[in-house]
Amino acid sequence: MDALEILLKKQITIVLLDLSMPLINGAEFINVMRSINIIKHTPVIAMSNYYLDEIPELKFNDFSFTFLLKPVKRNLLISTLNIILEGKKIPKIKCQPIL
């Protein structure tokens, strides 16, 4: 079962994905998600080695989306997950500097 089928069949709270996936890139996957009513408001945490301005196919609309630059620091991921699980408004974009 692929990720889209799982999203359509189960009640998923958060989607955590890498923007560099083999069969369909993460940006394309997010855009497909946003075109389907029953999953278009599912919060997405996307991760990538690239900055967002290097991913032109990602369309930013009014939806729950945040971005973490890899390598993702554990505490940043946990705090972002907690924000979503507590029902707070998800930060639109959260980048972290590469050290």
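Residues numbered from 1 in each chain as written. Predicted model: local features only at pLDDT ≥ 70, side-chain atom pairs only at ≥ 80, totals over all residues. Heavy atoms only, no water.

### So, the pattern of salt bridges
Scanning the model with the defined rule gives 1 salt bridge in all. With its nearest N and O atoms 2.5 Å apart, the salt bridge here joins Asp18 to Lys70. Here Asp18 is found in strand β1 (residues 15-18), whereas its partner Lys70 is found in the loop between β3 (65-69) and α3 (74-85), with 52 residues between them in sequence. For Lys70, a relative accessible area of 22% gives the class partly exposed. (Salt bridge = Lys/Arg side-chain N within 4 Å of Asp/Glu carboxyl O. Helix = DSSP H or I, 4+ residues; strand = E, 2+ residues; numbered from the N terminus. Buried < 20%, exposed > 50% of the residue type's maximum accessible area, 1.4 Å probe, protein only.)

### Here's the deal with the nonpolar core
Soluble, globular proteins show a tendency: their nonpolar side chains are buried together. Grouped together as the largest cluster of nonpolar side chains are 13 residues, with contacts concentrated most on Val15, Leu17, Ile30, Met33, Val44 and Ala46. Contributing elements (two or more residues each) for this core: β1, α2 (26-34), β2 (44-48) and β3. With near-sequence residues (within four places) excluded, Val15 lies in contact with Leu7, Phe29, Met33, Thr42, Pro43, Val44 and Ile45. (Core = buried A, V, L, I, M, F, W, Y, C linked by side-chain atoms within 4.5 Å. Contact = heavy atoms within 4.5 Å.)

### Details of the sheet that holds β3
The sheet built from 3 strands is open, its strands ordered β1-β2-β3 with parallel pairing. The sheet is open, and its two borders are formed by β1 and β3, each paired with just one other strand. Taken pair by pair, the neighbouring strands of this sheet meet at an average axis angle of 20°, ignoring direction. When β1 meets β2, the two strands line up parallel, connected through 4 bridges. Looking across to β2, one finds that Leu16 is bridged to Ile45. (Pairing = 2+ DSSP bridges. Axes fitted to C-alpha atoms, helices over the stretch in contact; angles between N-to-C directions.)

### Focus: the pairing of β3
Most of β3 is tucked away: 5 of the 5 residues are buried. What you see with β3 is no split at all: Phe65, Phe67 and Leu69 on one side and Thr66 and Leu68 on the other are buried throughout.

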